[in-house]
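# Geometric and topological summary
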Amino acid sequence: MATEYERVTLVDHPMVQHKLSILRDKDTSSKKFRELIKELALFEGYEATRNLSLADVEVETPLCKTVCKKVSGKKLAIVPILRAGLGMVEGVQELMPAARVGHLGMYRNEETHEPVEYYAKLPEDIANRDVIVVDPMLATGGSATAAIEYLRKRGVGGTINLMVIVAAPVGIECVLDADPDVQIFTCAIDESLNDDAYIVPGLGDAGDRIFGTK
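Residues numbered from 1 in each chain as written. Predicted model: local features only at pLDDT ≥ 70, side-chain atom pairs only at ≥ 80, totals over all residues. Heavy atoms only, no water.

Turning to the pattern of salt bridges, a few remarks are in order. Any two side chains of opposite charge can pair, so long as their charged atoms come close to each other. In this structure the tally under the stated criterion is 12 salt bridges. Residue D208 is joined to R83 by a salt bridge in which the shortest nitrogen-to-oxygen separation is 2.5 Å. One end of the pair, D208, is in helix α6 (residues 206–211); the other, R83, is in the loop between β4 (76–82) and α3 (86–95), with 125 residues separating them in the sequence. Among the residues examined, D208 registers a relative accessible area of 17% and is labelled buried. One salt bridge connects R152 with D179, and the closest N-O pair in it is separated by 2.9 Å. (Salt bridge = Lys/Arg side-chain N within 4 Å of Asp/Glu carboxyl O. Helix = DSSP H or I, 4+ residues; strand = E, 2+ residues; numbered from the N terminus. Buried < 20%, exposed > 50% of the residue type's maximum accessible area, 1.4 Å probe, protein only.)

Turning our attention to the nonpolar core. With 33 residues, the main nonpolar core has L23, V134, M163, I165, V166 and L203 as its most contacted residues. Going through the elements one at a time, α1 (14–24), α2 (30–48), β4, α3, β8 (130–134) and α6 are the ones with two or more residues in this core. Per-element accounting of this core gives the leading share, six residues, to α2. Setting aside residues up to four positions removed in sequence, L203 forms contacts with L23, R24, F33, M137, I165, V166 and R209. With 26 residues, the next largest nonpolar core counts V8, M106, L138 and A144 among its residues. (Core = buried A, V, L, I, M, F, W, Y, C linked by side-chain atoms within 4.5 Å. Contact = heavy atoms within 4.5 Å.)

Cis geometry is adopted by the peptide bond preceding R83, which originates at L82 and carries an omega value of 5 degrees. We note that A197 has phi near 65 degrees; this positive angle belongs to a residue other than glycine. By the element assignment, A197 lies in the loop between β14 (192–193) and β15 (199–200). On the basis of relative accessibility, which here comes to 6%, the residue A197 falls in the buried class.

So yeah, pure geometry; function would need other evidence.
Printed below as a string of C-alpha cells:
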C-alpha cells in the first residue's frame, strides 16, 4: 500500500494486521513473538523483492518444454542490525535461501539515543550485491541510517531496502533524508516516540521480547 512517503511501502495485508495485533500484546510469549517476527518478515520479503529482475529460462515439464522466469541480476545480501534484526533473518531466508547474510552490531546509547557500532561482518563481495537491511523497529532512525551509511562506505551502490515491522514517522523521515535511494518496507506506521525514544504504541523492546531478556 502506498503511503504519504514516496519511498515507503506499508505492507497491510489482513493477515499481517492480524499477526501484528498479537505481536503488540504484552502477554505474547517470547516463543510466539519470535514466530510472528519470522512470519511477518516473510510477508514483507515478498514486497521488498517485487522489483527483482527476471530472465527467461527454458524448462521441460512432464508434458513439454516451456519458457519460464527466474530471478536474475545482482545477488542479494541480508544484513540484520544486531541484535533484534536477527529475528527477521530466517523469514527472509525462507524466501531467498541463496542470499548471503552479513551482520552489523549497533546499540543505542540510553542517554543520547544515538547508535554506537560495535561489530561488523559482511560478505566480501557486498559491494556487488543488492542489500536488504532488517530491524524490527524504526524509531529515531539513528541505527538504520548509520547502517545504511556504513554499507555505502563499503561500496554498496545498488539497491538498499530497509525492512522493519513497526516505524515511527521521525525514523522514516530520518532514513529518507539521509539516503536518496533507500526504500522502506514496514507493517505499521505508528504515532510517535515517547520521552525514552520508544515507538508508541509500538510493541516494546523487540530484542528483549525476541530473546526473553530485560
